[in-house]
Each structure stands twice: as structure tokens, then as C-alpha cells.
Amino acid sequence: MGDYDEETAFLGQIGPYFWVTFFLLNTVFISTGFNGLYIIFAGAAPKHSCLIPDVNLTEDWRNAIIPFTTVGGEEVQSQCSRYNLAVVKNLSDKGYIPARDVNLTNLPQEGCLDGWSYSKDVYQSTIVTEVSIEVHLFCLLTLSSAILCCFLLRFQFFVPLQWNLVCDNQWKVPFASSTLFVGYLFGSLISGQLSDRFGRKKVVFMSLGAQSLSVLLQSFSQSWRIFCVMFLFVGASQISIYISAFVLGTELLSKTMRVLFTTLGAFLFYCIGYMTLPWIAYGIRDWRTLLAVLSATSVVYIPLWWFIPESPRWLITQGRMREAEVIVRDAARKNKVQAPSVIFKESQVEEIPPGKKYTMLDVLKSSKLRCITLMCLLLWMAINIGYFGLSLNTSNLSGNPFLNCFLSAITEVPAYIVSTCLLRKCPRRVILSTFLVIGGGVLLLIQFIPDTLHYVALALEMTGKFGFTMAFTIVYIYTAEIYPTVLRNVGMGMCSSAARIGSITAPYVIYLGTYNKVLPYILMGSLTIASSVVNFFLPETFNKDLPETVEQMQECRGFCGGSEKKKYFQNGASRKRPVPQEEKSEMQTLSL
């Protein structure tokens, strides 16, 4: 196939067609912003205590039946136990006064046998407080007056009863969060193959429909298990939206617009959705209604089917030259330029000569490749644990959870802008390690902040989020520059899988806060600082040509292997064509 950019150069670099396509495609990323993290609010655990049934207790005993326990050095009411109800009722009937006539510490305790009572100060309902149970209708049929035969006809329907994802069932909340990221893993594996086979545009809109349907069905979940299963489909469809829309944008837009799209457009519009989420959740405090509303927002994307074209590049690879020409001529009309009489020639569709197929086994053959890959995997896991850990932790911070989530989202905007600027001018190792130290360092400092200064702790956490977002953005292009062309897809795929493992782990890291609130910060901070040290052993790629072969990668300077810097890695003296910065930027992508 000929050079598509050269054949369509008459369209120019900017114009109405490119700007409209740019904004329409970016609006798709808004849905990934608020559909990816609604578990922050849907899975929040309100304040709760054991439910005290309507029995004959004095007011003093009803107030004293919940014991106090020490959490983080502070005396608070227990959320998972109460004094034995039978013993308390007996003492109440005898007229004893708690703490005066009876030493409460000597009373036996029991679990919340009658369920829990949840505060509705912040949330009307979440999956933690959700209610549903199967009820079985038994129908007894009399077959004769002498013999009574009972046949059980089992009809199932649902009436309210709490899921109660607290105390012994508290682990189910981080498990539910992890299923979203498991869906990311599956979706990232199949979305590329689907878009290559059926087209980028079709997969984008099919994924939007699948996401909307999955979220809607999830809002009707009658059990925690169904909620988790549907969350897996939400994750798979959501990452498919991102990958397919990202590829479609890079193939439709000109080189100049492509740089803007891949470095800022997708990220900032994702942030718009992320920043919108807490305001929607603030107005809708019931999780079922919240999810139903979020699913309905996908309806606004239906008209875009008639405004967003299919990728002409993909059509050409499928031999559909005439359809590709129609799209390009329409782009020329909108940009008010004259298209040539013949844009693509049939001879441009050529069979690509076969070459060696590289797999993950090729990464394992070389000790230097194994070493570099291992360090990259650790980097990606650490960064994803920190990024998603802090994103999911906003509902656990002191203060207003909706405001905390908004601040966490808005912190990403300057991070994306600054990282894009720094990537053009600064060495990769230095800036990546710097922001890893910032992100991890402030998390380690949080444990020393007294509870009375929760605003300081919040500011430190937002600073950490800024550092992780910067590192999140930088590590993508850095990794793509490290691997040679023949292994770049394989290497990025392995790192992306490591990122998925990190994001799956993140909810459990936050879950450690139920035992000690500083444990998540210590773990994430220590892991991030360690990864910043590991990063310094990777080869520097700034102002160096991208390696084309495995041999070139092995000869670049770094901790693993040789340190000889060959001529084709010297700035300005490359034997191969230098890769422009805008082409490097095209490889940058975002993980959800």
C-alpha cells in the first residue's frame, strides 16, 4: 500500500473536517470517564452499626448495647458486634442501669444477628446496603382426602433484604471493583482483533451499546454475584471503546491533529467525564438510579454514527478503495480543497512480504531483554496500583466524598498538560523517577499528619495523584521507545497486562485500610519509591532514534547488558530515519 499521508496531503493539516472529527471522537472518551469509576460511590460503605430489633429495652440499654472499640487510637462504636441481646434484655427487665449497676466490659458480645443499620446522611443506598433475597413460594396440593401429597412448586421472586457487604463480607466490595479491571484485561485482548476484522467505527459503537446495556443490567442486579458478572462486561466494553476510538482517531486525523489527539485530547476529555461523575452522584444518592442514568447517557452518541466516518486506512487494507475515496473526497469538500481525480490506485493494495513473527518467547531469549522487560513490568504494576488505588480511595478520605473525587479528577488536568510539555524537552528516566518519588514520597508522609489536619492530608494525597498521573502518562511513551520495532507490540502488550494486574490489585490495597488506615499509603508509597530506583537502570531514550531490531536494543546503554552506544543511537548521526516527536507521541495511550 502506498503512503496514505502523502496521497491525502491535499487535505492539509487542519480544517473543519479534522476539527469536527477531533471533537466528535473525543466526546466518546467522556463516557469512559464517568462509567469507569462509579464504583467509588456505588460501592461506598456508609457508617453502620448492628440493627437492634424492636424489643422491650429501656432507652439507656438501647444506647449502650453497641460496645466501643479502639480504631486507630480512637474510641468508636463497633460496627460488627453488639452485647448479647438476651442478656441485655434480661438486665433491662430487672431495671439495672448500664455503666452504673453493670460493668459493660464483662458482658458477652455477639455478631449483628439481625443485620445492620446504615446511615443515610451521605448515601441513600449503595451495593453495601443493597437489599434483595430469593423468596420461595410453596404450593401444597391435596390429591385425595385420604392421602396428602405435597408437591413443592418453587417460584422465585425478589423482595428486599440487605446484601450487607460489611464485616465478614467486606471483602466483596474490593472483589467487585477488581472485576471491572479483569474486564479491562479481557477487553484489551479482543478489541484489537475485532476492530481489525469488522472496522474501527463499528467496534466503537458496538462497544458503546454494550457498555450502556451492561451498566443498565447492572443497575437491576439482584445479587452481588450478578453485579460482579455485569461489571466484568462493563470493563470489557469500556476498554474496547477506548482502544477502538483511539485507533480510529489516529487513522482519521492529519499528523498535526493526531499529535494533539493522542497527547491531550483523549486524556482531557476522559477527565471531563471523570470530573462530571461526582456531580451526577451528588444529585443521585441511590446507586441503582445512578447507574441507570449513566447508562442512558450513551443515547447521545447515536447521532454520531452519521458524522464519524470509518477509517479510510482500514478500508484500503480490506481492498475497499472506492469507499475510502468517498470518505476522503467528503473530507476535501468540508475542508474546501480540490481533490485529485484519482486518489488511491488499485496497485497500492499490495501483499506485505512475510517476515519473522516475534512472540513473547523472543523477549525471554535474551538476558538483557528479560531484565528490561522485568523492570518495565514492575514499573507498570506499581504505577497502576498507585493511580487506581488513589482514585478508588477518594470515598474513604475525610470530608465530602463528592468534592474529594472532583479534586482527584481535576488534579489530572495539569498533570497531562505538564507531562506533554516535559516529554518534548526532558530525559525520560529523570522525569519519570522524579514524579514517582513525588507520588510515593507524599504518600509516605501522610501517616505523620495528625487527624485534625485532614486538609493537609487531602492536599498530600492530591499531590500524590498528580505525581502518579504524570508517571502514568510518561511510562507509555517511554516503554514504546525502549522496545525495538519488531517487539514493540509484544512488549507493550506484556506491560499492559502487568498494568491490568496492578489495577486488579489496587482495590485490595485500599482494603488494607480497614485494618489500619495508613497501610495502603505505606504500601503504595514504598512500592513507588522502589520502582523509581528500578527506573534508573533502564536505558535512556530521549533524543535517540527508536531501535528497529533486537540487536539495536541490546546495544543501547543501560544496566542490563552492554553499555556501548552505537552510531545509530547518537543524536543527529543516525543511520536510519529519525522518528519525529509527533510520531512518538502517537504511541502514547491511556489505561482504564
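Residues numbered from 1 in each chain as written. Predicted model: local features only at pLDDT ≥ 70, side-chain atom pairs only at ≥ 80, totals over all residues. Heavy atoms only, no water.

1. A short note on the packing of aromatic side chains
So the rule is basically this: Note on aromatic contacts: the rings of Phe and Tyr and the six-membered ring of Trp form a pair at centre separations within 6.5 Å, being stacked when their planes are under 30 degrees apart, edge-to-face when over 60 apart, and tilted otherwise. Only DSSP runs of H or I with at least four residues qualify as helices, and only runs of E with at least two residues qualify as strands; both kinds are numbered from the N terminus onward. In this scheme, a residue with accessible area under 20% of its type's maximum is buried, one over 50% is exposed, and one in between is partly exposed, where area comes from a 1.4 Å probe on protein chains only. Here, a charge over a ring means that NZ of Lys or CZ of Arg falls within 6 Å of the ring centre while also lying within 35 degrees of the ring normal.
Tallied over the full model, the rule gives 31 aromatic pairs. A ring pair is formed by Trp-19 and Phe-22, whose centres lie 5.8 Å apart and whose planes are at 80°; its orientation type is edge-to-face. Here the residue Trp-19 and the residue Phe-22 both occupy positions in helix 2 (residues 16–35), the gap between them amounting to 3 residues, near one helical turn. Judged by its relative accessible area of 36%, Trp-19 is partly exposed. Look at Phe-22 and you get buried, because its relative accessible area is 5%. Here the aromatic rings of Trp-171 and Phe-175 are separated by 6.1 Å at their centres, their planes lie at 80°, and the arrangement is edge-to-face. Judged by relative accessible area, which is 35%, Phe-175 ranks as partly exposed. Over the ring of Trp-224 we find Lys-172; its NZ or CZ atom is 5.0 Å from the centre of that ring. Just above the ring of Tyr-387 sits the side chain of Lys-465; from NZ or CZ to the centre is 5.1 Å.

2. Brief notes about the packing of helix 15 (residues 401–410) against helix 18 (residues 454–482)
If you want to describe how two helices pack, look at the angle between their axes and the distance between the axes. How we decide: Axis definition: a line fit to C-alpha positions, over the contact stretch in the case of helices; interaxial angles, taken between N-to-C directions, run 0 to 180 degrees. By convention, the crossing between two helices is left-handed when the near helix turns anticlockwise from the far helix through less than a right angle, and right-handed when the turn is clockwise. Two residues qualify as a contact provided that any one of their heavy atoms is within 4.5 Å of a heavy atom in the partner residue. Three classes are used, and their members are as follows: Ala, Val, Leu, Ile, Met, Phe, Trp, Tyr, Cys and Pro are nonpolar, Asp, Glu, Lys and Arg are charged, and the others, Gly among them, are polar.
Packing of helix 15 against helix 18 leaves a shortest axis separation of 9 Å and a crossing angle of 35°. For the pair helix 15 and helix 18, the crossing hand works out as right-handed. Together, Asn-404, Leu-407 and Ser-408 of helix 15 and Leu-458, Met-462 and Lys-465 of helix 18 make up the contact between the two elements. Considering only residue class, the contact of helix 15 with helix 18 consists of 3 nonpolar, 2 polar and 1 charged.

3. Considerations on helix 5 (residues 85–93)
Definition in use: In this context, the arc is that of the directions from the helix axis out to the C-beta atoms. Any pair of N or O atoms that falls within 3.5 Å is considered a polar contact. Within protein, one atom must be able to donate a hydrogen and the other to accept it, and sequence-neighbouring residues count only if both atoms are side-chain atoms.
Taken together, the buried positions of helix 5 are occupied by Leu-85, Val-88, Leu-91 and Ser-92. For helix 5, the angular spread of the buried residues around the axis is 130°, confining them to a single face. Contacts from the buried residues of helix 5 go to helix 4 (59–64), strand 4 (81–83) and strand 5 (109–111). The N-cap residue of helix 5 is Asn-84: its side-chain oxygen and the backbone nitrogen of Ala-86 are 3.1 Å apart. Gly-95 occupies a position one or two residues after helix 5 and carries a positive phi of about 85°.

4. Considerations on the nonpolar core
The condition that has to hold: We define the nonpolar core as a collection of buried residues of types Ala, Val, Leu, Ile, Met, Phe, Trp, Tyr and Cys that are connected through side-chain atoms lying within 4.5 Å of one another.
Counting residues in hydrophobic clusters, the biggest one holds 147 residues, and the most contacted among them are Tyr-38, Phe-41, Phe-227 and Leu-432. Element by element, the count of residues in this core is highest for helix 18, at 15 residues. Every residue in contact with Tyr-38, bar those within four places of it in the chain, is listed here: Val-215, Gln-218, Phe-231, Val-234, Leu-277, Leu-291 and Leu-294. Among the nonpolar cores identified, the runner-up in size contains 6 residues, and Val-363, Leu-487, Met-494 and Val-550 belong to it.

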